[in-house]
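Analysis of the macromolecular model
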Amino acid sequence: MFNADGVMENAGFLDYRIPVASDLPMIDTVIVEVPNPMHPYGVRGVGETPIVPPLAAVANAVQRACGVEIRELPISPPKLLELLENAP
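Read on for an overview of the structure. Only a predicted model underlies this, so the values are computations on that prediction, with no experimental measurement involved.

1. Section: the overall build of the chain
Of the regular secondary structure elements, the chain holds two helices and zero strands. Taking 2.2 N^0.38 as the reference for a compact globule, 88 residues should give roughly 12 Å; the C-alpha atoms of the chain span a radius of gyration of 22 Å, well beyond that estimate. The principal-axis extent of the C-alpha atoms belonging to the chain is close to 50 × 45 × 20 Å. Burial statistics for the chain: of 88 residues in total, 8% are counted as buried. A sequence separation of at least 24 residues applies to 0% of the contacts in the chain between residues at least 6 apart. About 8300 Å² of surface is accessible on the chain, with carbon and sulfur atoms providing 63% of the total. Counting 5 positive and 11 negative side-chain charges, the chain places the centres of these two groups 7 Å from one another.

Here's what the structure looks like:
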């Protein structure tokens, strides 16, 4: 936690305040009852959105660490080795 001057007040884990539910903003749920035309049963995904950005962040981190751009997932050791061997 930082004070008003931007100085960290809890530099160790002993005083670290863990966020609790009351620290989160209120979230309104909206139910969409329109079938998905791209799915055979018309279902819509609910939890996929939070898993997309971390994969891009990992790909960027690997690119910065290894110097090769990764455009396909999953990032596996054989794929990375092939990219490194074929790098210009």
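So much for the structure itself; the text now carries on.
2. Quick notes on a nonpolar patch on the surface
Residues Phe13, Tyr16 and Ile18 make up a contiguous nonpolar surface patch of about 430 Å² in total accessible area. Structurally, Phe13 can be placed in the segment before α1 (52-66).

3. With respect to the pattern of salt bridges
For the structure on display, the rule yields one salt bridge. One salt bridge connects Glu69 with Arg71, and the closest N-O pair in it is separated by 3.2 Å.

4. Concerning the environment of Glu85
Looking at the element boundaries, Glu85 is found in helix α2 (residues 77-85). For the pair Glu85 and Val68, spaced 17 residues apart in sequence, the C-alpha to C-alpha distance is 10.0 Å.

5. Considerations on unusual backbone geometry
For the peptide bond that leads from Leu73 to Pro74, omega is 0 degrees, which places it in the cis range. Position of Pro74 relative to the elements: it lies in the loop between α1 and α2.

Cut-off values and rules
- Residues numbered from 1 in each chain as written.
- Predicted model: local features only at pLDDT ≥ 70, side-chain atom pairs only at ≥ 80, totals over all residues.
- Heavy atoms only, no water.
- Helix = DSSP H or I, 4+ residues; strand = E, 2+ residues; numbered from the N terminus.
- Rg over C-alpha atoms; globule rule 2.2 N^0.38 Å.
- Buried < 20%, exposed > 50% of the residue type's maximum accessible area, 1.4 Å probe, protein only.
- Contact = heavy atoms within 4.5 Å.
- Areas by Shrake-Rupley, 256 points an atom, 1.4 Å probe, with all protein chains shown as cover.
- Lys, Arg positive; Asp, Glu negative; His and termini not counted.
- Charge placed at Lys NZ, Arg CZ, Asp CG, Glu CD.
- Patch = residues over 30% accessible without salt bridge, like charges linked within 9 Å, V, L, I, M, F, W, Y side chains within 5 Å.
- Salt bridge = Lys/Arg side-chain N within 4 Å of Asp/Glu carboxyl O.

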